[in-house]
Amino acid sequence: MEWTCSLGFPSRTLRFSRKLHPTTTDRNTAESRSLKKKQCPPRLLPPPPPRRSHLTMAAPSRTSWADVADAEPAPPAPVPAAAPATSNGPARADRSSYVPPHLRNRSSNAPPVSSAPPPRAAPGLLGRPTGGVGGRFGGGGAPPRRWDREPNPFGDEEEVPAEPVPFDEHQNTGINFEAYEDIPVETSGREVPPAVGTFAEIDLGAALNDNIRRCKYVRPTPVQRHAIPISLAGRDLMACAQTGSGKTAAFCFPIISGIMRGPPMQRSQRGGSRTACPLALILSPTRELSMQIHEEARKFSYQTGVRVVVAYGGAPITQQLRDLERGVDILVATPGRLVDLLERARVSLQSIRYLALDEADRMLDMGFEPQVRRIVEQMDMPPRGVRQTLLFSATFPGEIQRMASDFLENYIFLAVGRVGSSTELIAQRVEFVQEADKRSHLMDLLHAQRDSSEQGKQALTLVFVETKRGADSLENWLCTNGFPATSIHGDRNQQEREYALRSFKSGQTPILVATDVAARGLDIPHVAHVVNFDLPNDIDDYVHRIGRTGRAGKSGIATAFFNDNNSSMAKSLADLMQESNQEVPAWLTRYAARPSYGGGGGRNRRGAGGGSRFGGRDFRRESSSFGKGGGASDYAGGSSYGGGGYGGAGAPSAWD
DNA sequence: AAAAAAT
């Protein structure tokens, strides 16, 4: 047993029960004392500089970071990988004294922190946008040799897939940028930094710009255009955005950029201590989503020296511990495993400068809220206002916004509409199917799908069911009847889950039966058809599910099986389809009109928030405390949400 | 009522 346990914890059982009922007094328990005790070594420099003000951002330096790096002679003299501690030299007041995060531990094989202080940055470097990281990051020339060993996450020169892959898995950048032109955008909050139009206007640095090019991102999506300047200005952010449109990049770019230009003394992990101290934490609700974010973040941080590590449950913890020991700047995690790591004192949050919650409304709903609150408020994470907090989600009900505002300080609210201004890209169908007929009905759909497919490229079909048992049962039935199906749900082990997802993505098993574990965030290219075999009880879940298709400007089909068990969904489903310019079957309209189902909408709380199901409005606007507050509204491309309730504006749905 | 998330 870990020493912290025997020292600080009476028993595992007690710890578990306390987790379920966290109290503010946890701060002073033996547990948290032991956490404090096992902390990262003291900083050699004061805490991070105050975040740059909006004013700084409003008038950005015209000199780009890359330009400066270019202008310098920049001798990227290849340094031996195992450079001795002294090779970095004492602190000098020039840019080349910067030590990229991933190299900061290289020298610490031998010297304890006390005997050999690592190089410090020149004070003038801190927070200077043009200070950059000097010649080492190059001005667009060949990357320094010492990074050549970093595996290329873009898969350019390596990793021939073991099996034939029908679809190019790396071709995940087929975003239809044209479709983003007239998307409605709304921002509110004090002194909102102006949006940018191109990546060139954003001072992200040469290395990051290279990766943006490798990703084939031509220009920023609306989410990126707005969120990146806001984040670079140091502001907290609550953003509603569509996943397929580059949401991950919208919070990763500023984080990576901020870490690269930040004070270099913040070591991810120092010799002698086994406690990793990441500078950024990204939380997500499912393991697969964490994996996906990690993969994306690794691409963005390729050859930047910024280390990204992922930690989630269901997988052996040993590899994750090894990864953490090698140093971590950005930690992507699911809550449970992170709590485990914190209890083992293998991770400390004391150096966190950036906190990002993906699918933030899910992270703050009943199931996750206690854990997340514990991580954010009852561990050693710097308080709001000191760290920078970025919340991203598609749906942000007023009450969740209110809860989320506990984590934020003077934040900006950003809402970005979807591609094509409605779900017209997703053809939604609803069919009345009795429970007993569902399987044969599904078979008809799959047959039709198979017949219409071309070149042996079976289109991917994602089938959502309500229960884990139902998923197993349906998968089994499909396989028995000759359909290549697999399944993903929480009762399958992690290996099975990951294999199922890979097999589906590659087209090897073009039918995936899933519970809601796959409803959010997962970016699976080429999903042509989403079948709601069992409708969810919450219209928001429906929106997330059908959003697995019709992504990034491509079209898709969503079919729902409706019967008497779904009566509570009739009204909200009919409304949603109407708002999305879909043809609503007459029987559904009649169904929805029945008084007993009128209020419907699953457990949708449409009450206080003014019926804003998608949280497209800043909840602060509903209260007096917000005042005039600048109220900076910005409607890109002339579209707008319309005057009335957001729900009626024709822009909802399929927000991830 | 179900799903997810720690061992």
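Bear in mind that the values here come from a model prediction, so they are computed numbers and not experimental data.

Quick notes on the rules
- Residues numbered from 1 in each chain as written.
- Chains lettered and ligands numbered in written order.
- Predicted model: local features only at pLDDT ≥ 70, side-chain atom pairs only at ≥ 80, totals over all residues.
- Heavy atoms only, no water.
- Buried < 20%, exposed > 50% of the residue type's maximum accessible area, 1.4 Å probe, protein only.
- Helix = DSSP H or I, 4+ residues; strand = E, 2+ residues; numbered from the N terminus.
- Pairing = 2+ DSSP bridges.
- Axes fitted to C-alpha atoms, helices over the stretch in contact; angles between N-to-C directions.
- Parallel < 35°, antiparallel > 145°, perpendicular 65-115°, else oblique.
- Left-handed = near helix turned anticlockwise from the far one by under 90°.
- Contact = heavy atoms within 4.5 Å.
- Nonpolar A, V, L, I, M, F, W, Y, C, P; charged D, E, K, R; others polar.
- Expected span 1.5 Å × (residues − 1).
- Arc of directions from axis to C-beta.
- Core = buried A, V, L, I, M, F, W, Y, C linked by side-chain atoms within 4.5 Å.
- Domains from an automatic or database assignment.
- Salt bridge = Lys/Arg side-chain N within 4 Å of Asp/Glu carboxyl O.

A. Highlighting the pairing of strand S14 (residues 556–562). Counting buried positions over the seven residues of S14 gives six, a clear majority of the element. Across seven bridges, strand S9 (residues 426–432) lies against S14 in parallel orientation. For isoleucine 426, the partnering residue across the bridge sits in S14 and is glycine 556. Relative to S14, strand S13 (residues 527–532) is paired through four bridges, and the arrangement is parallel.

B. Region of interest: unusual backbone geometry. Backbone geometry places glutamate 191, a non-glycine residue, at a positive phi of 45 degrees. Looking at where glutamate 191 falls in the secondary structure, it is placed in the loop between strand S1 (185–188) and helix H6 (206–214). Since its relative accessible area comes to 49%, glutamate 191 is described here as partly exposed. At alanine 345, a residue that is not glycine, the phi angle is positive and equals roughly 60 degrees. You can see alanine 345 is positioned in the loop between helix H11 (335–343) and strand S6 (354–357). The exposure class of alanine 345 is buried, given its relative accessible area of 1%.

C. Inspection of the packing of helix H7 (residues 222–232) against helix H8 (residues 247–261) at higher detail. Between H7 and H8, the least distance of the axes is 9 Å, while the angle of their chain directions is 25 degrees. Comparing their axes, H8 and H7 come out roughly parallel. Viewed along their axes, H7 and H8 form a crossing whose handedness is right-handed. The residues of H8 that touch H7, namely those facing Val223, Gln224, Ala227, Ile228, Ser231 and Leu232, are Lys247, Ala249, Ala250, Phe253, Pro254 and Ser257. Here the residues of the contact of H7 with H8 are counted per class, giving eight nonpolar, three polar and one charged.

D. Quick peek at helix H16 (residues 468–480). Taking 1.5 Å of rise per residue, the 13 residues of H16 would be expected to cover 18 Å, and the 18 Å separating its terminal C-alpha atoms lies within 8% of that figure. All of the buried residues in H16 are Ala471, Leu474, Glu475 and Leu478. Here the buried residues of H16 occupy an arc of 100 degrees about the axis, which is enough to place them on one side. Residues of H16 that are exposed and point more than 90 degrees away from the buried face comprise Arg469, Asn476 and Thr480. Looking at the residues trailing H16, positive phi occurs at glycine 482, about 85 degrees.

E. Inspection of H8 at higher detail. Between its first and last C-alpha, H8 extends 22 Å over 15 residues, near the 21 Å set by a 1.5 Å rise per residue. Most of H8 is tucked away: 15 of the 15 residues are buried.

F. Up close: the nonpolar core. In this structure, Leu237, Phe253, Phe300, Ile330 and Phe392 are the most contacted members of the largest nonpolar core, which totals 69 residues. Both domains that furnish three or more residues to this core are identified here as domain 1 (58–71 + 129–141 + 185–416 + 630–656) and domain 2 (423–598). In this structure phenylalanine 300 touches Leu208, Asn211, Cys215, Tyr217, Thr248, Ala249, Cys252, Phe253 and Ile256, once residues within four positions along its chain are discounted. Ranked by size, the runner-up nonpolar core spans 41 residues in total, among them Met238, Leu321, Val339 and Val347.

G. Examining the pattern of salt bridges more closely. Under the counting rule described, the total for this entry stands at 26 salt bridges. The partner of arginine 373 in a salt bridge is glutamate 369, with the nearest N and O atoms 2.6 Å apart. One end of the pair, arginine 373, and the other, glutamate 369, are both in helix H13 (residues 369–377), four residues apart, so they sit about a helical turn from each other. Glutamate 377 is the partner of arginine 373 in a salt bridge, and the nearest nitrogen-oxygen pair spans 3.2 Å. With arginine 373 and glutamate 377 both in helix H13 and four residues apart, the pair spans about one turn of that helix. The buried category is assigned to arginine 373, whose relative accessible area is 17%. Bridged by salt links that share partners, the residues Lys247, Asp358, Glu359, Asp361 and Arg520 form one connected network.

H. A look at the sheet that holds strand S7 (residues 388–393). What the eight strands build is an open sheet, ordered S1-S8-S2-S7-S6-S3-S5-S4; its pairing is mixed. On the outer flanks of this sheet lie S1 and strand S4 (308–311), each paired with one strand and no other. In this sheet, adjacent strand axes meet at a mean angle of 15 degrees when their direction is disregarded. Note: S4 against strand S5 (residues 330–333), four bridges, orientation parallel. By the bridge assignment for S5, valine 309 is matched with leucine 331. This element, H8, spans strand S3 (280–283), S5, S6 and S7 of the sheet and lies at about 170 degrees to S6.

I. Geometry of the sheet that holds S9. Pairing is parallel in the open sheet, where six strands are placed in the order S9-S14-S13-S10-S12-S11. Two strands in the sheet have a free side with no partner beyond their single neighbour: S9 and strand S11 (485–488). Between one strand and the next, the sheet's axes are offset by a mean angle of 20 degrees, whatever the strand orientation. Docked against the sheet, helix H19 (residues 570–579) engages S9 and S14, running at close to 150 degrees with respect to S9.

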